[in-house]
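# Examining the three-dimensional arrangement
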Amino acid sequence: MAGETVTWARRSNCGAPDSSRAKRGALHQLGLRAQNDPWSFPIHAASAIVCVVRKHVLAIVLYALIAIALTQPLALNFATHVVGDGSDDPALTWNLWWFKRAVLDLHVSPLISDAMFYPIGINLAFYTLTLLNDALSLPLQAAFGLVPAANLLLLSSFVLGGYGAFLLSAYVLKQVLPGPARGLALAAFGGGIVYAFSTNKALYASLGQFNIASSQWIPFYVLFVFQLRDALSAAPGRAWWRLPPPAVRAAALAALFLLLQAYAEFTFASFLVVFTALFALANWRQARMWLGLALTGTLFTLCFLPILVPMLQELATEGDIFVEGSGFAEAFSADLLGFVVPGRLHPLLGGLDAAFNFPYINFVFVGWLTLALAAIGVWIWRRSPSVRFWALYTLSFALIALGPQLRVDGAVIDLPLPFRIFQLLPFFKGNRYPSRYSVMITLGIAVLVALALAWIIRRMQARRGMRAAVVLPALAITLMLGEHWAILPLSDYRAPSFYQEIRDDPGDFTVLEIPLDWRNGFRITGTLDKVFMLSQFYQTIHAKPMLSGNTSRNPELKFQYFTEAPVINSLIALETGHDLDAATMDQDRRLAPDVMRFFNVRYIVVRPEAGDRVQPYLDAALPGLSLWREDGGVRVYRLAPLSVAANLSVTPGDAQARLNFAEGWGELGAPRVWAQRSETRLLLPPFPDGANLQMTLFSPGAQSLSVAINGQVIGAQPLRMGAGEYRVSVPRGVADRPVNDVRLTWGALWPVSAIPRTSGSTAPFIVAKSAGNEVGDFAHLWVDGVDYAPNARGYNVWYDGRVASFDTFSATADADAFAALLASDPSILAFAVRDEASRYLTGAIIDQLRRYGVRTDIGWRWSHAVVMMRARDGARIVNENASPIRPATASFGERISAPMAAGALEGFEWLASR
């Protein structure tokens, strides 16, 4: 009886793709047999279950073995290396450590961190924090350690991605192919191979972009969207607002996998929204399907609120930080020829892309055999509505991946493409890499390849039998793996031993890693050498705060805080090949001990990549600095623990004031700095016992002010109109952190028009701020708090209420136009340089600027800001600032850079309590 049942189960169940109907049929037959022989039921049931799951287990095992083979020699270096070239993989590995430290050790939200960007901190809501991977890594870190956990997560993305595409392909095959389904598991397996081991997946893994490699949840979501539609089609006659239970289950599972994908990589969740829109349009007549998709969207949104709310709050406070300009979308777009040019990591064919003019890495190679099989799948099953959908879906995402304009071998053809629409949409425009849509192309190709393999299997089966039918598809799968073969680089994460010693040094202190660098998706401040990314990984060993850091999107201040800080600014300049003048060196000698004390630096790690200018500077700015450790050219200095400053007195015009003023303030450098938000932030060193905080404030009207230190409110009082001194008592122990977070909460905001002006003046407040490429790469022109700068390369100009920009880096015509504007003698003119403006600084421009009394000796990528105004007597008032190593600000009137202001701070100090 048992043998008979096993044989029956193989024939009736194992040869077909899994479906709930097949499983129910098998168990029903087993139940009938068990009525006659109840003692054999456990054997029969176990045999049936083995048959049902056997091919799934086999598929998963094969995907795992292939993943291990194709990532060699990773398995031989599993505890010390990760896949990547050292550019992004250190930060993505850091994510796992930070999540564990924040949640399990510090018991704080992982979305806010001052472990990097110390002490101002960074909001990680817009960062590629990969929260799902972080959470999944917790047991893996506990069992194996950080590096093996990162490797296991990467390998699982190959396996789960392949298995998800296998399930999706099997489901589509069941929809499209009539008749028996025997042998089609191999075709579905081939679809999973195409998706899991594609060239784009390997390339993103090679860059250490584990977030972009985390595409494993996409096919599961797509599968359950299809199941949602089919569950609704199978239950006709119901009112449109009533969903049958199978549809509700499918909608919930679709929401689950959309959520998993969003928590692994939010960019791919936006891709799935695009897929859902295409799917809904293709099935627009099914009203209940729209209701099912709405249920999916609602469930997803509710569960994604822990990330969505902080993102929206950050946008409301800081403005749109999704993208700067076009986000380099032109460079990161797919080239039309890229679909047929092998990836650069292929051991035999990787050199072919050098013959083409691709602006960046070619991520979109489909594969020659893969593409041919996909075309066969479309042609053979072209009458199937499902296949037509997959063909149009794949074509649609291919068009999106081409970016805003068509490129063929690097040549731009002026043909607007769909990606331009996404550049205008909130959230969607945050993806500045059109070529990342290649993952959706690969999924469509995978399904179409499975259809072609199924057709081959059926043709061969009819002619030569089942055993012969699998030979050609198996060969095709092997060849497809071969054309997407990639040799992946490995990063060595074995750290110098001194980091362990730093970790074991008790107390709260900061590690200053040089070269200093700050990086996001658009900009790097500091050296371009990727060694600083490895420094972020080393933080997982010493666990001390660091000034540098990597993020994805951030407000401008998060970089400018450091770029404008004394000593730190000088180190950035030295790293990037500049020299310091005598005045800067004299100032740094005076301020360096205080700057080190403010940042609470105990160790300075200097790497050879910092250049040969840094060491002499440290010797001069911090005399008596002694070497503590040296390892492979890395020099480590240990500073003695620094005592608390006995006194503090700061005005906004002080050279070191940038250290104390964080979010919410206007431009520094004038006698007063304006509070431009309801909450403004100061960063102060530890208070001596018994000290009070005294502030000199100016308010345009009746105002209230509340003061909190490290989250504890210590005082609130009304402010009278005009200037006055206000004192707040600081309780003992409230402000004893190395850097204390002081929040000033203002009761009212006034429009700039309410701010008093110089008697008789009707001129606007104007602030021009310029940053060359190495110190910010921006231009601002605030007129009464509104920024009118086009923020274009070269000169950004506001004059007599009009705006213009002149690219004097690349266009002599722009230089001539700028000279003509200067010659027109406007009444009010302000300009700020962005990036570089000296290349075509022609004689005509120089003559006009000299006529106004403006300096003309700016050099390569200097910052240069000027405000000029004609006085009543016809004389010119000129305020100018220029620098090769720091941002430059020039102004007229109050330095206000927002339309609303609460009040101004003229200075603060500690006073001993009486």
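Up top is the structure.
Structural notes, computed from the coordinates. (Residues numbered from 1 in each chain as written. Predicted model: local features only at pLDDT ≥ 70, side-chain atom pairs only at ≥ 80, totals over all residues. Heavy atoms only, no water.)

### A short note on the overall build of the protein chain
When helices and strands are tallied, the protein chain shows 27 helices and 33 strands. Counting only C-alpha atoms, the protein chain reaches 105 × 60 × 60 Å along its principal axes. For the protein chain, the proportion of its 914 residues judged to be buried stands at 58%. A fraction of 74% describes how many contacts in the protein chain between residues 6 or more apart in sequence connect residues 24 or more apart. If you sum the accessible surface of the protein chain, you get close to 36,500 Å²; carbon and sulfur atoms cover 59% of it. For the protein chain, the centre of its 75 positive side-chain charges and the centre of its 68 negative side-chain charges are spaced 14 Å apart. (Helix = DSSP H or I, 4+ residues; strand = E, 2+ residues; numbered from the N terminus. Buried < 20%, exposed > 50% of the residue type's maximum accessible area, 1.4 Å probe, protein only. Contact = heavy atoms within 4.5 Å. Areas by Shrake-Rupley, 256 points an atom, 1.4 Å probe, with all protein chains shown as cover. Lys, Arg positive; Asp, Glu negative; His and termini not counted. Charge placed at Lys NZ, Arg CZ, Asp CG, Glu CD.)

### Comments concerning the packing of helix α6 (residues 146-176) against helix α7 (residues 184-196)
Contact geometry for α6 and α7: axes closest at 7 Å, N-to-C directions at 135 degrees. Judged by the inter-axis angle, α6 sits oblique to α7. When you trace α6 past α7, the crossing you get is right-handed. From α6, Phe158, Gly161, Gly162, Ala165, Phe166, Ser169, Ala170 and Leu173 reach across to α7, where they touch Leu184, Ala185, Ala187, Ala188, Phe189, Gly191, Gly192, Tyr195 and Ala196. Among the residues making up the contact of α6 with α7, the classes are represented as 12 nonpolar, 5 polar and no charged. (Axes fitted to C-alpha atoms, helices over the stretch in contact; angles between N-to-C directions. Parallel < 35°, antiparallel > 145°, perpendicular 65-115°, else oblique. Left-handed = near helix turned anticlockwise from the far one by under 90°. Nonpolar A, V, L, I, M, F, W, Y, C, P; charged D, E, K, R; others polar.)

### Some details on the pairing of strand β30 (residues 876-883)
A regular strand places its side chains on the two faces of the sheet in alternate fashion. Of the pairings in the sheet, the one linking strand β29 (residues 863-870) to β30 comprises 8 bridges and is antiparallel in character. By the bridge assignment, methionine 868 is partnered in β30 with valine 878. Connecting the antiparallel pair β29 and β30 is a turn made up of 5 residues, with glycine 874 showing a positive phi of about 90 degrees. (Pairing = 2+ DSSP bridges.)

### Comments concerning the packing of aromatic side chains
Tallied over the full model, the rule gives 61 aromatic pairs. Taking the centre distance of 6.0 Å and the plane angle of 45 degrees together, the rings of tyrosine 360 and phenylalanine 363 count as tilted. A relative accessible area of 1% places phenylalanine 363 in the buried class. Between the NZ or CZ atom of arginine 432 and the centre of the ring of phenylalanine 522, over which it lies, the distance is 4.8 Å. (Phe/Tyr/Trp six-rings, centres within 6.5 Å; stacked < 30°, edge-to-face > 60°. Lys NZ or Arg CZ within 6 Å of the ring centre and 35° of its normal.)

### So, the pattern of salt bridges
For the structure shown, the criterion picks out 29 salt bridges. Arginine 677 is paired through a salt bridge with glutamate 318; the nearest N and O atoms lie 2.8 Å apart. On the criterion of sequence distance, the pair formed by arginine 677 in the loop between β15 (673-675) and β16 (679-684) and glutamate 318 in helix α13 (residues 287-318) is long-range, its members being 359 residues apart. The partly exposed category is assigned to arginine 677, whose relative accessible area is 23%. Given the relative accessible area of 23%, glutamate 318 is considered partly exposed. The residue arginine 672 makes a salt bridge to glutamate 894 at a minimum N-O spacing of 3.2 Å. Placement of the pair is arginine 672 in the loop between β14 (649-650) and β15 and glutamate 894 in the loop between β31 (888-892) and β32 (900-901), with a sequence separation of 222 residues. (Salt bridge = Lys/Arg side-chain N within 4 Å of Asp/Glu carboxyl O.)

### Side note on the sheet that holds strand β9 (residues 524-526)
Taken together, the 3 strands give an open sheet; going across it, the order is β9-β8-β10, and neighbouring strands pair in mixed fashion. For this open sheet the edge positions go to β9 and β10 (549-550), each flanked by a neighbour on one side alone. As judged from the 2 bridges shared by strand β8 (residues 517-519) and β10, these two strands associate in the parallel manner. Across the sheet, the residue bridging to tryptophan 518 is glycine 549, located in β10.

### Remarks on the nonpolar core
In terms of nonpolar packing, the biggest core is built from 216 residues, with Val222, Phe275, Trp390, Phe599 and Ile604 touching the most fellow members. Top element by residues in this core is α6. It accounts for 19 residues. Sequence-distant contacts of phenylalanine 599, that is, excluding residues within four places in its chain, are made with Tyr118, Pro119, Thr510, Leu547, Tyr561, Phe562, Ile568 and Leu659. Grouped together as the second largest cluster of nonpolar side chains are 32 residues, Leu693, Leu705, Ile709 and Leu905 included. (Core = buried A, V, L, I, M, F, W, Y, C linked by side-chain atoms within 4.5 Å.)

### Topic: the environment of threonine 71
Within the element layout of this structure, threonine 71 appears in the loop between α3 (41-70) and β1 (81-83). Residue classification places threonine 71 among the buried residues on the basis of a relative accessible area of 3%. In this structure the C-alpha to C-alpha distance between threonine 71 and leucine 155, which are 84 residues apart in sequence, comes to 8.5 Å. Sequence-distant contacts of threonine 71, that is, excluding residues within four places in its chain, are made with Leu155, Phe158 and Leu488.

### Observations regarding the pairing of strand β23 (residues 766-772)
Buried residues dominate β23, accounting for 7 of its 7 residues. A two-sided burial pattern is seen for β23, the buried positions comprising Ile766, Ala768, Ser770 and Gly772 on one face and Val767, Lys769 and Ala771 on the other. Across 6 bridges, β23 lies against strand β24 (residues 778-783) in antiparallel orientation. Following the sheet pairing, valine 767 is matched in β24 by tryptophan 782. Linkage of β23 to β24, two consecutive antiparallel strands, is achieved through a turn of 5 residues, within which glycine 776 is found at a positive phi near 150 degrees. Bridge analysis of β23 against β31 gives 5 bridges, and the strand direction is antiparallel.

### Here we look at the side chain of histidine 542
Position of histidine 542 among the secondary structure elements: in helix α21 (residues 531-542). On the accessibility criterion, histidine 542 (1% relative accessible area) is buried. Only 2.9 Å separates the side chain of histidine 542 from the backbone nitrogen of lysine 544, close enough to count as a polar contact. (Polar contact = N/O pair within 3.5 Å; in protein donor to acceptor, adjacent residues only side chain to side chain.)

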